[in-house]
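# Breakdown of the fold
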Amino acid sequence: EEVQMLGALRGAKLARRVASVRIADGQWAYVLRGGLELRVGSPTELALKLEIARRILRQTPVFGYLDVSVPERPVARNNPQVSSGG
């Protein structure tokens, strides 16, 4: 399935940013360079999910993960807990 996941990236603008792939319980996730986990869920509507993720990542700082498994309702962790030294 990992080969299928990589093949599904063909033509996707995010393809160059993918460092590795993960499958757990049939749910797909791409790990991008820098460690962000891009959760796409099942491989259905993958092109749409990848395009939504690309647009979000272009406009919003996201840390930890971005879940586009439900394309109409993407979920991201975009508020890292940063402690202020002092």
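The residue numbering used here restarts from 1 in each chain and proceeds along that chain's sequence as written. Note on the predicted model: pLDDT of at least 70 is required for a residue's local features to be given, and 80 or more for side-chain atom pairs to be given and counted; whole-chain, interface and lining totals, by contrast, use all residues. Values shown for side chains rest on all heavy atoms present in the structure; no hydrogens or waters enter the calculation.

### What to know about the overall build of the chain
Only runs of H or I of at least four residues qualify as helices and only runs of E of at least two qualify as strands under DSSP, and these elements are numbered from the N terminus. Each helix and strand counted, the chain has two helices and five strands in total. Starting at the N terminus and walking to the C terminus, you meet the elements of the chain as α-β-β-β-α-β-β. Here, residues are in contact when the closest pair of their heavy atoms is within 4.5 Å. The long-range fraction of contacts in the chain, counting pairs at least 24 apart against all pairs at least 6 apart in sequence, stands at 28%. All accessible areas in this document rest on Shrake-Rupley with a 1.4 Å probe, and a residue is counted as covered only by the protein chains that are shown. A total of about 5,700 Å² of accessible surface is found on the chain, and carbon and sulfur atoms cover 48% of it.

### Describing the nonpolar core
Residues belong to one nonpolar core when they are buried, are Ala, Val, Leu, Ile, Met, Phe, Trp, Tyr or Cys, and are joined through side-chain atoms within 4.5 Å. Each residue is assigned to one of three classes by its accessible area relative to the maximum for its type, calculated with a 1.4 Å probe on protein chains only: buried under 20%, partly exposed between the two thresholds, exposed over 50%. In this structure, Tyr30, Leu38, Val40, Leu50, Leu57, Leu66 and Val68 are the most contacted members of the largest nonpolar core, which totals 20 residues. When residues of this core are assigned to their parent elements, the largest contribution, six residues, is made by helix H2 (residues 46–59). The contact partners of Leu38, leaving out residues within four places of it in the chain, are Leu14, Trp28, Ala29, Tyr30, Leu50, Ala53, Leu66 and Val68.

### Focus on the pattern of salt bridges
We define a salt bridge as a contact between a side-chain nitrogen of Lys or Arg and a carboxyl oxygen of Asp or Glu at a distance within 4 Å. In total, this model carries four salt bridges according to the counting rule given. With a closest N to O distance of 2.7 Å, Arg39 and Glu37 form a salt bridge. The class for Glu37 is buried, based on a relative accessible area of 16%. For Glu51, the salt bridge is made with Arg54, and the minimal N-O distance between the two is 2.7 Å.

### Description of H2
To estimate the expected span of a helix, count its residues, drop one, and scale the result by 1.5 Å. When the terminal C-alpha atoms of H2 are compared, their 20 Å separation across 14 residues agrees well with the 20 Å that a helix rising 1.5 Å per residue should span. Taken together, the buried positions of H2 are occupied by Leu46, Lys49, Leu50, Ile52, Ala53, Arg54, Ile56 and Leu57. Looking at the buried positions of H2, the neighbouring elements they touch are helix H1 (2–8), strand E2 (27–32), strand E3 (37–41) and strand E4 (65–67).

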